[in-house]
Structure formats: structure tokens, C-alpha cells
Amino acid sequence: MSFCECFRVRTSFIVAVLLVLQGGLLAHRAFIDSPTRNEPGHLVAGLSHWKFQRFDLYRVNPPLYRLIAAIPVLAVDHEEDWSGFYDAPGSRPVFGIGNSFVEANSDQVSFLFGIARVALIPFATLGGLAAYWWARDLFGPPSAGLVAVLMWTFDPWILGHGGLVTPDVPAASCGILAGYLYWRWLRNRSFRDATLSGIALALAISCKYTMLLLIPVWVLAGICCSICCAHRATEDSQFGAACHDRTSPQPVVDGVPSSTSTLAQLCWQMLLALYFINCFHGFSETGRALGEFEFVSMTLRGSQDDGLQSGNRFRSALLESIPVPVPAVTLEGIDIQTRDFENPDRKSYLCGRWQERGWASYYLWGLAVKSPHGTQILVLLSLLVVACRGLSAFGAFICHASNDPGPENRRSEKEDQQARRFGVALLIALVLTIFGVVSLQTSFSRHVRYVLPAWTLLLVLTGAVGYAIECSRSRSRPMRRRCLVATVIGCASWNAVSVLATHPNELGYFNEAAGGQSGGFRYLGHSSLDWGQYASRVVESGCIESHVDVIFYEGLTTFASRCSKVGDRRRWREIVRNWPPQETILLSPQAYLELRGDLETRGISIDTLRRESNEPNPTVTRPGPHLFLLTPVQGDHSESVKMNSGQATRPGH
């Protein structure tokens, strides 16, 4: 066995160990975290898919991951309550049904959600393997794939969301697989690769509708590459002669695979993706006429009158009788999502500030404070490597006849570099497309996880550092190579220590510059900070003391028998209206942020209450990283709030 083959075997073994380690961490978290805000709805929707062959529950997301998560739950005894179901245009009864499911199974809720989460762990493993394959084939040496997997294994986004019954990690993982297989098809132009690419595209779209953005990128890249390759091949007679070899798997014209064949394969991918998307929906009302839908978004209903609950701008139009080639729930789900962005009924929070609309820079802030510093360094270094090596346009890619390693079909070094440059261009185009489109939705900004598919593609890009290491070896630059190797090892170690130190609380991970878990509330909220995942640990750790009068912690309703002090929205409004309080209040980080926002609308600040005679001035303390305790204190008190972690200031200051 040669040295290269031996290194490849060893690299594959290390990759396997890393992914098994990640799977173990995810499995451990699966049975510890309480159900997050959205998980009950996802799980009961998955159960309804299997039991009733209906896909209208949680229609704003595709059903593939829910179908998989529900399988182990169907195999065990559990209670169900479907009395809250109703169907109307734009209706979303899934959250009420999910809460009923949690209450009906309160004695085994941790077990039921644990086995559902474990069923989705293979998606994280698949994503790690796809990242390894793509980085290895794109940048050359196996070490490039190893760098990508190192970043993937200890990424808090994957460890935080990979153990939840939500679509984010499944969509990101299938997106990487789809991108890799599509790039392979662009290199080989075979129907086998076209078929695999089409199936992978269907898997990605069937996990999250954000992945529909892959379709225009696929079509545009395929057409442009085909045109530019044909033009370039006419100028390269030597390569054209090689492609005329009889062993070429595709028809060739002027030295490249036939443009007709390439376009036919591209169409085949789209048709195959459409077929499997319908399969995963059970062909639910596929082919329904466009005029028969009742839309709730102004974009699709056409009327600007808010008094109208539904409508259809396509009625009495030329498109009215056109059959929709996707399941009806798909179009209805996109319509509901569009309505949510048109009329946001929720406030957004960033860096201590609440406002009615979101920010275009919200996701950049999220990546800055929630991604590990080691990964940030390698992403910047990989972009530097790409810039130094040069990034050509789509036309720089030159097709090759086959993957056969024989001398007659082996591409030259120049051609190989051009193929890699095109692959990197495709990778960056995907990142910019997903990140750009999501950032433009500024109706509200609440969940940084929306750009998770773009972030994971950047993890693949870190493989460029492994390519730079290999180039330093071949060019006899030992000092540069040692520095690069030390940088990779240092960044991976930093990530591992930083992330594992927060286990099993990766969902609320913030990097060191943001102050870690204790300081993250100063920058982000909602699913980036507290999604109700710590409720069971709050109960079991004994943080609920007897002197606490009221508790606001999302998810504690599951443990209502042990938490009689849980407050509801009526109690919340009463406390805000009669501020300052006369009672001790325990809050989750998200509840604390929302309380600050509600008080600030009344011109009141928790940190700097005006001192009046005998006015209670609440002191804010932190019993733990997942709790805030407001204790009223009579008499004069310092304007600053003391916290066990240090002097508390206004978030963002």
C-alpha cells in the first residue's frame, strides 16, 4: 500500500471516529433537553402523516424529517389528542395539538422526544460524510476533507440543532449532499450522476422550503457551464481530440459532451426531484388547479384589503385552470410563510434592542457571536487561499470524458485546477444565494438558524486549508506547511474545548468574544438563546426555590404537577402593568429579555429604576446561565444591578 493510500485509510478512520463521537453527543442531549417550542408541533405532524395520510399539519415545512422522527414514536405506547384539529385557509392548529400531546404524555415526554431525536441523528452523520467527500474531491488531498469534518464535528450549530425534531440540520445536511452530487454531475455528465443529483435535490427540498433556492442555482450553473465549456473546447484542440476517444461515456461535439445531452440530463434532474418531492408528500392533491386554492398572503390572494381573510389572484385569469405539479400543501405552506413575512406580529431583538421589524445584518451578527472562533479563523483563511489561487468564472471549467484514472483520460493539472475553481465558485454562489435571500427578509429577525444551510457550506470551504497544506508539501515549503498544520490543530482544539465545555447546552452556545453562555443574552434571543430546552434541568437541579412567587419559563407546563407557580400571560400582563413587583420572579433568559422589552415600551428600565420612597427596586441575579431571578428590595439601592457574574449593564452596552 502506498503512502497516499495509507493516509487515505487513516483519514477515513479518523472521520468515522469523529462522526461517531458527534452522534454520541447528540444522543446524550436527545434525552436531556425538554421539548423546544416547535418540536411538539413537528412530532404530532409526523404522527398525523403516518396515521391519517394527511400533510396539512405544519405545512410551512416539508414532511420528510417528520416522517422519520415519528417512526420510533409509533412503535411505543403513547397518548394522542386530536380534538384541537381544524382546517381553514392559513390555519395552524399544530401548536395547540402539540401542547396537548405533551400534556397527555407528561410522564414519558422525555423518552418520546428522545427516541424521535435519535432517529434524526443520521442526518448529521450524512452531512459530515458529504462535507468530507465534497472537500476531499474539490480540493484534492484527503486532509482537505478531514479539515471540513473537524469543523463539522465540533460545530455548535450542528450539536445544538442536530438533536432536535426540527428541519434545520436535515436540510443543511441534504443540501451539502445535493451540492456535492450536482458538482460531480457537472464534471462527469453521466445519467447516473444526474439521477443521484436529482434524488439528493428532492431530499433537500423535502426537508425545508429554503432549499428551493437550489433550483435556480442548479439551472443557471448547468446552462452557463454547458455553453462556456462548448466555447472553450473549440479553442482547445488537444483536449477536444482526447474527448473524441471512443471510451467517452457521452456523445461529444467539438470536444465536449453534447449540449443536447447535457440539457436533457439537467431536465431529468428537475423531473426526478419533482417526482420524489411528490412521493414524500404521498402525492397529496398533486395537480390541483391553481384557481381552486384559497390564499391568505397578499402576494397570492391579490387583494390589499386586510378585511379579506383569503382569496386567489389567479381566479378568472389565464392561469386559473393550470394544474400545480406539486402537492397542494406545498403551495399552501409557502403562502402561509409569505403571509408571516408580510404581516409580522412579533418583535425582533438584537444587541439589546427591540423593534417591530428585523435587520438585514441580523444573520451576520448571529454568525459573529455564535460560531466558534476556530471555525471563523479557518473560514477566513480558506477565503484567503481561494483568493490567492484565483477564482475563475463559470466558463473556466473544462469537462472531462470520464473518471477513469488511465493515462488516456487523466486530466492535466491545469484542467484539474480549473475544475476545482468552478467547484469553489459553485460553493460560494450557494452560500451567497441562501444567505442573501434570507437576509433580505427583514419583516422580522428571530432565528439565526435560518442561515444554517449557508453556514455548513462554509464548513466545506475550510477544506481549502487542507489544499494549501498539500501545496506547501509539494513546493518544499516546510515552514508554511508547519504553520498551516499548527493553525488547523489549534483551531480544531479551540473549537472542541469551547463547545464541549458547554455540553449539553450547545443550543445556547456563544463564543468567547460574546461572553459565552452567560453573556449571550446581550446579543440574541429566541432559538439562539433559550427555546425552552432547559426546563427539565431547571426542575431537576432544584433551582425552583420555595421563596419564588412566580415562574416564567417556556416549557415548564410539561412539569405543571411539580411547578404550580408557573405564570401565564394574564399574570405576565399584570406584573408589567403594576411594575415594580412585590414578589420574587424567576425567568428564563428569553422571558427576561421580553420583560425588558415590554417595560421599555412604558419607559421603564429594570437596571435603572427611579428611586422613590419605599419603592421596591428589583435586584437581578443569575442562579445559573439559564435563569434570571428578580428580587424586590425595599429602600434605597444602587442604580446598577449586581449579578453574580459581574456588573450588569444594559444589553449591548
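Residues numbered from 1 in each chain as written. Predicted model: local features only at pLDDT ≥ 70, side-chain atom pairs only at ≥ 80, totals over all residues. Heavy atoms only, no water.

(A) Highlighting the overall build of the chain. Broken down by element type, the chain carries 24 helices and 10 strands. Counting the 653 residues in the chain, one finds 57% classified as buried. The long-range share in the chain, meaning contacts at least 24 apart out of those at least 6 apart in sequence, stands at 72%. For the chain, the exposed area adds up to about 26700 Å²; of that, 59% sits on carbon and sulfur atoms. (Helix = DSSP H or I, 4+ residues; strand = E, 2+ residues; numbered from the N terminus. Buried < 20%, exposed > 50% of the residue type's maximum accessible area, 1.4 Å probe, protein only. Contact = heavy atoms within 4.5 Å. Areas by Shrake-Rupley, 256 points an atom, 1.4 Å probe, with all protein chains shown as cover.)

(B) Here's a closer look at a positive patch on the surface. Where like charges cluster on the molecular surface, the positive patch consists of Arg569, Arg573, Arg577 and Arg602. Positionally, arginine 602 belongs in the loop between helix 24 (589-600) and strand 7 (619-624). (Patch = residues over 30% accessible without salt bridge, like charges linked within 9 Å, V, L, I, M, F, W, Y side chains within 5 Å. Salt bridge = Lys/Arg side-chain N within 4 Å of Asp/Glu carboxyl O. Lys, Arg positive; Asp, Glu negative; His and termini not counted. Charge placed at Lys NZ, Arg CZ, Asp CG, Glu CD.)

(C) Structural view of unusual backbone geometry. Residue histidine 503 is joined to proline 504 through a cis peptide bond whose omega torsion reads 10 degrees. One can find proline 504 in the loop between helix 20 (478-500) and helix 21 (516-519). Note the cis peptide between tryptophan 579 and proline 580, where omega equals 5 degrees. Counting through the fold element by element, proline 580 comes out in the loop between helix 23 (569-577) and strand 6 (585-587). Backbone geometry places tyrosine 58, a non-glycine residue, at a positive phi of 55 degrees. Relative to the elements of secondary structure, tyrosine 58 occurs in the loop between helix 2 (39-52) and helix 3 (64-74). Classification of tyrosine 58 by relative accessible area gives buried; the value is 6%. For phenylalanine 283, which is not a glycine, the phi torsion comes out positive at approximately 50 degrees. Position of phenylalanine 283 relative to the elements: it lies in the loop between helix 12 (259-280) and helix 13 (298-301). Residue phenylalanine 283 is classed as partly exposed on the basis of its relative accessible area, which comes to 41%.

(D) Just the sheet that holds strand 6, in detail. Here we have 4 strands laid out as an open sheet, ordered 5-6-8-7, and mixed in their pairing. Pairing within the sheet leaves two strands with one partner each, and these edge strands are strand 5 (550-552) and strand 7. Neighbour to neighbour, the strand axes of the sheet diverge by 25 degrees on average, direction disregarded. In this structure, strand 7 lies alongside strand 8 (residues 627-631), joined through 4 bridges in antiparallel fashion. (Pairing = 2+ DSSP bridges. Axes fitted to C-alpha atoms, helices over the stretch in contact; angles between N-to-C directions.)

(E) A look at a nonpolar patch on the surface. There is a patch of nonpolar side chains on the surface, built from Phe13, Ile14 and Val17 and spanning about 290 Å² of accessible area. As for its placement among the helices and strands, phenylalanine 13 is situated in helix 1 (residues 3-30). Judged by its relative accessible area of 57%, phenylalanine 13 falls in the exposed class.

(F) Structural context of the environment of alanine 289. Mapped onto the secondary structure, alanine 289 falls in the loop between helix 12 and helix 13. Given a relative accessible area of 16%, alanine 289 falls into the buried group. For the pair alanine 289 and alanine 328, spaced 39 residues apart in the sequence, the C-alpha separation amounts to 9.3 Å. If we ignore the near neighbours within four places in the chain, the residues touching alanine 289 are Glu320, Ser321, Ile322 and Pro323.

(G) The packing of aromatic side chains, seen in detail. Across all of its chains, the model carries 18 aromatic pairs by this definition. A centroid spacing of 5.6 Å and a plane angle of 40 degrees characterise the contact between tyrosine 182 and tryptophan 185, whose relative ring orientation is tilted. In this pair, tyrosine 182 and tryptophan 185 both sit in helix 8 (residues 168-188), 3 residues apart, roughly one turn of the helix. Owing to a relative accessible area of 0%, tyrosine 182 belongs among the buried residues under this scheme. When the centroid spacing of 4.0 Å and the interplanar angle of 5 degrees are considered together, the rings of tyrosine 592 and phenylalanine 628 count as stacked. On the criterion of sequence distance, the pair formed by tyrosine 592 in helix 24 and phenylalanine 628 in strand 8 is long-range, its members being 36 residues apart. Site record: aromatic cluster; members linked through ring pairs are Tyr275, Phe276, Phe280 and Phe283. In this arrangement the basic side chain of arginine 288 is found over the ring face of phenylalanine 293, its NZ or CZ atom lying 4.4 Å from the centre. (Phe/Tyr/Trp six-rings, centres within 6.5 Å; stacked < 30°, edge-to-face > 60°. Lys NZ or Arg CZ within 6 Å of the ring centre and 35° of its normal.)

(H) Region of the structure containing the pairing of strand 8. Across the 5 residues of strand 8, 4 count as buried, placing the element largely inside the fold. Once strand 7 ends, the chain turns through 2 residues before running back antiparallel as strand 8.

(I) Focus on the confidence of the model for the chain. Residues at a pLDDT of 70 or more form 80% of the chain, whose mean pLDDT is 82. Every residue in residues 391-411 scores below 50 in pLDDT, and together they form 49 contacts with partners more than four places removed in sequence or on other chains. Note on residues 635-653: pLDDT under 50 across the span, and 43 contacts to partners over four residues away in sequence or across chains. (pLDDT = per-residue confidence, 0-100.)

(J) Local environment of the nonpolar core. Ranked by size, the top nonpolar core spans 153 residues in total, and within it Trp134, Phe139, Leu595 and Leu630 carry the most contacts. Top contributing element to this core by residue count: helix 5 (residues 109-139), with 16 residues. If sequence neighbours within four positions are ignored, leucine 630 has contacts with Trp579, Glu583, Thr584, Ile585, Leu587, Tyr592, Leu595, Ile606, Thr619 and Val620. Among the nonpolar cores identified, the runner-up in size contains 11 residues, and Val548, Ile551, Leu586 and Leu627 belong to it. (Core = buried A, V, L, I, M, F, W, Y, C linked by side-chain atoms within 4.5 Å.)

(K) Geometry of helix 20. Taking 1.5 Å as the rise per residue, helix 20 with 23 residues should run 33 Å; its terminal C-alpha atoms sit 32 Å apart, in good agreement. Taken together, the buried positions of helix 20 are occupied by Leu484, Val488, Cys491, Ala492, Asn495, Ala496, Ser498 and Val499. (Expected span 1.5 Å × (residues − 1).)

(L) Molecular detail of empty space enclosed by the protein. Applying the stated criterion to the full structure yields 9 cavities of 30 Å³ or more. By volume, the second largest cavity amounts to about 60 Å³. Together, Gly508, Gln517, Leu529, Asp530, Tyr534, Pro589, Pro625 and His626 line the second largest cavity. Here the residues of the lining of the second largest cavity sort into 4 nonpolar, 3 polar and 1 charged. (1 Å grid on protein atoms, 1.4 Å probe; cavity = no way out; pocket = protein on both sides within 12 Å on 5 of 7 lines; lining within 4 Å. Points joined across faces, edges and corners; volume = space filled by probe spheres on them. Nonpolar A, V, L, I, M, F, W, Y, C, P; charged D, E, K, R; others polar.)

(M) Geometry of the pattern of salt bridges. Evaluated as defined, the whole model comprises 21 salt bridges. Notably, a salt bridge pairs arginine 54 with aspartate 87, separated by 3.8 Å at the nearest N-O pair. Taken together, the positions of arginine 54 in the loop between helix 2 and helix 3 and aspartate 87 in the loop between helix 3 and helix 4 (94-104) put the pair 33 residues apart, joining distant regions of the chain. Among the residues examined, arginine 54 registers a relative accessible area of 35% and is labelled partly exposed. Between arginine 315 and glutamate 294 there is a salt bridge, with its nearest N and O atoms 2.4 Å apart. Here glutamate 294 lies in the loop between helix 12 and helix 13 and arginine 315 lies in the loop between helix 13 and helix 14 (328-342), a separation of 21 residues in the sequence. Overall, glutamate 294 belongs to the partly exposed group, its relative accessible area being 33%. Because the salt bridges share partners, they merge into one network encompassing Arg54, Asp56, Arg59, Asp87, Glu285, Arg288, Glu292 and Glu332.

(N) Structural context of the environment of glycine 23. Structurally, the position occupied by glycine 23 is in helix 1. On the accessibility criterion, glycine 23 (13% relative accessible area) is buried. In sequence terms glycine 23 and threonine 125 are 102 residues apart; their C-alpha atoms lie 7.1 Å from each other.

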